[in-house]
Amino acid sequence: MTERVRFAPSPTGPLHIGGLRTALFNYLYAKKNNGVFVLRIEDTDQKRKVEGSEEYIFDSLEWAGISPDESVKNPGKHGPYRQSKRNDIYKKYVKALLEKKGAYYAFDNAEVLTKARELDEEEKGAFKYNYENRGSFENSLSLSQAETEKRIDDGVPYVIRLWVSPNEEIIGEDEIRNTVRINSSELEDKVLVKADGTPTYHLANVIDDHCMEITTVIRGEEWLPSLPIHVLLYEKFGWEKPKFVHLPLILNPSGKGKLSKRDGDKNGYPVFPIRWKDVFEGYKEKGFLPAAHLNYIAQLGCSSRGEDEIMSLKNIIDEFDLANVQKGGARFDYEKAKWVNQQHIKRLKKEELVSIIKRKRKDLEKSFNDNEIHEIAELIQDRIVLLEDIESLCVMFLESPKKYDEMILQRLEKQDLGELVNKLKKLVENEEISKLKDAVFRFCKNENIGMGVVMQTLRIAVVGTLFGPDIIRVINVIGKYSTLERLKQMKNLT
RNA sequence: GGCCCGUUCGUCUAUCGGUUAGGACGUUAGGUUUUCAUCCUAGAAAGAGGGGUUCGACUCCCCUACGGGCUACCA
């Protein structure tokens, strides 16, 4: 049997890092098992729907390189792939459930329930609509059949609730943790169909997973508490249950709660894969390679057997094993995420890096030929942590220094800077630029000046700071003319 | 409050009853480099606490503590 998994986000805003990881694990599981990765849009609550979020989900998955095999965009035979289009299906199954006495009508309005809830909270905690009190509410169990039918005919609003019988042991199997056992008396008669006739998550989810022939449900740990409800639903329908996998949550770096948008804002890292409506920057814009981002996320709460932590998507698939998934939540670590990205960049083929650099710095091609850009790529490759660093790393090749590091200037002042710059200028003038290194060595020896001082002076004159790649190689790239110009600019300054 | 899940260096993790508890990020100290980055070497750094079971527990069981999740006609 082919494995079928699904990622089922609801389009209520941008997909965040946790969602992306859930999608990733579904994808990995599918690919590892030659299965099918389905994307289902859970838009039963139209009130909460946010324009653009469905597109955003597709765009994010595409950026990450983990697009679904079946979805609204490439439907298979299990459609529709949007829950808002499946209401007829739900209706059919709810009818059957009602007939089997697996569910019942309830007419209680919001005020009644709110009041009951408040009352219970004062006394002992959470209110539950269940076997203990359903007799005192207005529903098809407490009302006569005639009254129930009359109300429905009269158009009195109602919901449909799951009929949970007390004191039964419900067993939920999770693939990465121990069997979850719970007494059904703890459960609530969950609303299955809302007053507007649309299903709640629990109902739609179970029916869809069954109808779409999902074999393994991989979702976040926040769903673990509703597993018993789902198990009950499968049993009442008489359906075979899929396997369940509840992924540990991604926590804030502080460990306090799930990773949140707020936290990302505060600490300066994105929590979304790609830009969301000019409001939030994503990992893409921040300068993460999709493969690197996936690499980091795949290892949050999951260990890899391989000795190398840096892996391509293909490697991640090969190594993927549910047995390696952690049980406890994992804190997000932006420093490590950046390090992984840096490692991926370091391993990029020169051609790939060159094309990224050309894209980021379009003006580079005006001043340099392909060979030179390759050299630039080589000079800066080890220094890029985020792709956005490319911009600043390229500045020294394109412009003469706008300002000079004051501290260094002061330090060098003792050496009669003006004269030294002048001599260097002459040196560059008279030497072949490709042989500059030897020339500088000779110069130091003849003039009896320390190598350090000469190189620092040259560097500060050419790029303005004391950081950066091999200054001789930089000079080779920018050429004799630019170098002389820059030395002249420095000379005028001193 | 109730229910559920979890707990190994600061962080991500290895260990599936016998290990000097290993690796990675970060951090500290050296080295390489004209500088910075890279790279190399070394160091500090962990089994929440208490009971069992066992010849022997990080590993199995129980309790406590702590953390997280859920507790909507949201998903």
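Shown above is the structure to which this text applies.
Residues numbered from 1 in each chain as written. Chains lettered and ligands numbered in written order. Predicted model: local features only at pLDDT ≥ 70, side-chain atom pairs only at ≥ 80, totals over all residues.

### Quick look at the packing of helix α18 (residues 417-430) against helix α21 (residues 471-493)
A pair of packed helices is captured by two measures, namely the crossing angle of their axes and the spacing between those axes.
Reasoning step 1: Where α18 meets α21, the closest approach of the two axes is 9 Å, and the angle between their N-to-C directions is 165 degrees. As the angle between them shows, α18 and α21 are arranged roughly antiparallel. The two elements α18 and α21 cross, and the hand of that crossing is left-handed. Contacts between α18 and α21 involve Gly418, Val421, Asn422, Leu424, Lys425, Val428 and Glu429 from the former and Lys480, Thr483, Leu484, Leu487, Lys488, Met490 and Lys491 from the latter.
Reasoning step 2: Tallied by class, the residues present in the contact of α18 with α21 amount to 6 nonpolar, 3 polar and 5 charged. (Axes fitted to C-alpha atoms, helices over the stretch in contact; angles between N-to-C directions. Helix = DSSP H or I, 4+ residues; strand = E, 2+ residues; numbered from the N terminus. Parallel < 35°, antiparallel > 145°, perpendicular 65-115°, else oblique. Left-handed = near helix turned anticlockwise from the far one by under 90°. Contact = placed C-beta atoms within 7 Å. Nonpolar A, V, L, I, M, F, W, Y, C, P; charged D, E, K, R; others polar.)

### Quick word on the nonpolar core
Reasoning step 1: The biggest cluster of nonpolar side chains holds 117 residues, and the ones touching the most others in it are Leu24, Ile297, Ile376 and Val474.
Reasoning step 2: No fewer than three residues from each of domain 1 (86-247) and domain 2 (400-494) sit in this core.
Reasoning step 3: Once residues within four sequence positions are removed from consideration, leucine 24 is found in contact with Ile66, Leu294, Ile297 and Ala298. (Core = buried A, V, L, I, M, F, W, Y, C linked by C-beta atoms within 7 Å. Buried ≥ 20, exposed ≤ 12 C-beta atoms within 10 Å, placed from the backbone. Domains from an automatic or database assignment.)

### Side note on the protein's contact with RNA strand B
Reasoning step 1: What surrounds RNA strand B is a group of 63 residues, the closest being Glu42, Gly125, Ala126, Gly328 and Met455.
Reasoning step 2: Residue composition of the surface near RNA strand B, by class: 23 nonpolar, 19 polar and 21 charged. (Near = placed C-beta within 6 Å.)

### A short note on the sheet that holds strand β7 (residues 191-193)
Reasoning step 1: Taken together, 3 strands build an open sheet; the order of strands is β3-β4-β7 and the sheet is antiparallel. Each of the sheet's edge strands pairs with one partner strand only, and the pair in question is β3 (103-106) and β7. Averaged over all neighbouring strand pairs, the angle between strand axes comes to 45 degrees, with direction disregarded.
Reasoning step 2: When strand β4 (residues 159-162) meets β7, the two strands line up antiparallel, connected through 2 bridges. Bridged to arginine 161 within β7 is valine 191.
Reasoning step 3: Where helix α3 (residues 87-99) meets the sheet, its contacts fall on β3, β4 and β7, and the angle it forms with β3 comes to roughly 100 degrees. (Pairing = 2+ DSSP bridges.)

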